[in-house]
Amino acid sequence: MVDQMVTRPGATAPPRKLHLIYRLHITPRIRACLATEEYDELEGGGQEIGHVEWIDYRETADLPIFPPIGPALAALPTPIAPQTDAALPAVTDDNYVWV
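The structure displayed is predicted, hence computed values, not measured ones.

A. Representation of the side chain of glutamine 4. Turning to its location among the elements, glutamine 4 is positioned in strand S1 (residues 2-5). Taking relative accessible area as the criterion, glutamine 4 reaches 3% and is therefore assigned buried. A polar side-chain atom of glutamine 4 sits 2.6 Å from a polar atom in the side chain of histidine 19. Ignoring anything within four residues of it in the chain, the contact list for glutamine 4 reads Pro15, Arg16, Lys17, His19, Phe66, Val91 and Trp98.

B. Here's a closer look at the packing of aromatic side chains. The final tally for this structure, using the stated rule, is 1 aromatic pair. With a centroid separation of 4.9 Å and an interplanar angle of 50°, the aromatic rings of phenylalanine 66 and tyrosine 96 are classed as tilted. Here tyrosine 96 lies in the segment after strand S5 (91-92) and phenylalanine 66 lies in the loop between strand S4 (47-51) and helix H2 (70-74), a separation of 30 residues in the sequence. Judged by relative accessible area, which is 30%, phenylalanine 66 ranks as partly exposed.

Reading the values: the criteria
- Residues numbered from 1 in each chain as written.
- Predicted model: local features only at pLDDT ≥ 70, side-chain atom pairs only at ≥ 80, totals over all residues.
- Heavy atoms only, no water.
- Helix = DSSP H or I, 4+ residues; strand = E, 2+ residues; numbered from the N terminus.
- Buried < 20%, exposed > 50% of the residue type's maximum accessible area, 1.4 Å probe, protein only.
- Polar contact = N/O pair within 3.5 Å; in protein donor to acceptor, adjacent residues only side chain to side chain.
- Contact = heavy atoms within 4.5 Å.
- Phe/Tyr/Trp six-rings, centres within 6.5 Å; stacked < 30°, edge-to-face > 60°.

Next up, the structure:
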């Protein structure tokens, strides 16, 4: 769970959001049955193809993931380790800059 209140470009006041994040372990056998591409519709009717890339959870610490959960994931000793505290640090203007 991540509490977020970050200033964004424009005149709108920063919204407060609560991100509920679910973690699950997908075995290689199940992963082999999942889609490897996603399709986003573009203005004008076209599609952009995105390629799904599976990475080891320990490699997420420095990825530009939002909310910034990479360091918490990478710190887990195993992919199925229990999480004793579900609250991650709040995301604020003091520790995050909206791009």
